Amino acid sequence: MVRINGQEEAADGMRLKDYLEQNDYPIDGIAVECNEQIVSKSRYESFVLQDGDVIEIVSFVGGG
């Protein structure tokens, strides 16, 4: 199981990019942290979620 934004999900073995696309995250409008380390966007395609990973996905919000 992978903990994503505080929720346990059966996403281990899945590529990060696939997870983000399946869950309608806008790739250009988010930042992803895995086990307290930022994952660069260039790694989303090859980054595989592992059992026990803790993922935080943060969306950017504009305003003024």
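About the cut-offs
Throughout this description, residue numbers start from 1 for each chain and increase along the sequence as written. Owing to the predicted nature of the model, reporting of local features is limited to residues with pLDDT of at least 70; listing and counting of side-chain atom pairs is limited to 80 or more, with chain, interface and lining totals taken over all residues. Side-chain numbers here rest on the full set of heavy atoms in the structure, without hydrogens or water. The secondary structure listing takes helices from DSSP runs of H or I that are at least 4 residues long and strands from runs of E that are at least 2 residues long, numbered from the N terminus. Exposure classes here rest on a 1.4 Å probe applied to the protein chains alone. A residue is buried below 20% of its type maximum, exposed above 50%, and partly exposed in between. The positive count covers Lys and Arg only, the negative count covers Asp and Glu only, and His and the chain ends enter neither. Only one rule defines a salt bridge in this text: a Lys or Arg side-chain nitrogen within 4 Å of an Asp or Glu carboxyl oxygen. For this analysis, a polar contact is any N or O atom pair within 3.5 Å, provided that within protein one partner can donate a hydrogen and the other can accept it, and provided that sequence-adjacent residues contribute only side-chain to side-chain pairs. Two residues form a contact once any of their heavy atoms are found within 4.5 Å. Pairs of strands are assigned from DSSP output, requiring at least two bridges between the strands.

> Mind laying out the side chain of Asp53, listing which residues take part and the relevant values?
Note that Asp53 resides in the loop between strand E4 (37–39) and strand E5 (54–59). For the buried residue Asp53, which engages in no salt bridge, the nearest side chain bearing the opposite charge is Arg43, 9.0 Å off. A distance of 3.0 Å separates the side chain of Asp53 from the side chain of Asn35, its partner in a polar contact. In contact with Asp53, other than residues within four places in its own chain, are Met1, Val2, Arg3, Cys34, Asn35 and Val48.

> Give a description of the pairing of E5 that names residues and reports values.
Judged from the two bridges that link them, strand E1 (residues 2–4) and E5 form a sheet pairing that is parallel. Within E5, the residue paired with Arg3 across the bridge is Val54. The sheet contact formed by strand E3 (residues 30–34) and E5 spans five bridges and is antiparallel. Residue Ile30 lies in a different strand from E5, and its bridge partner there is Ser59.

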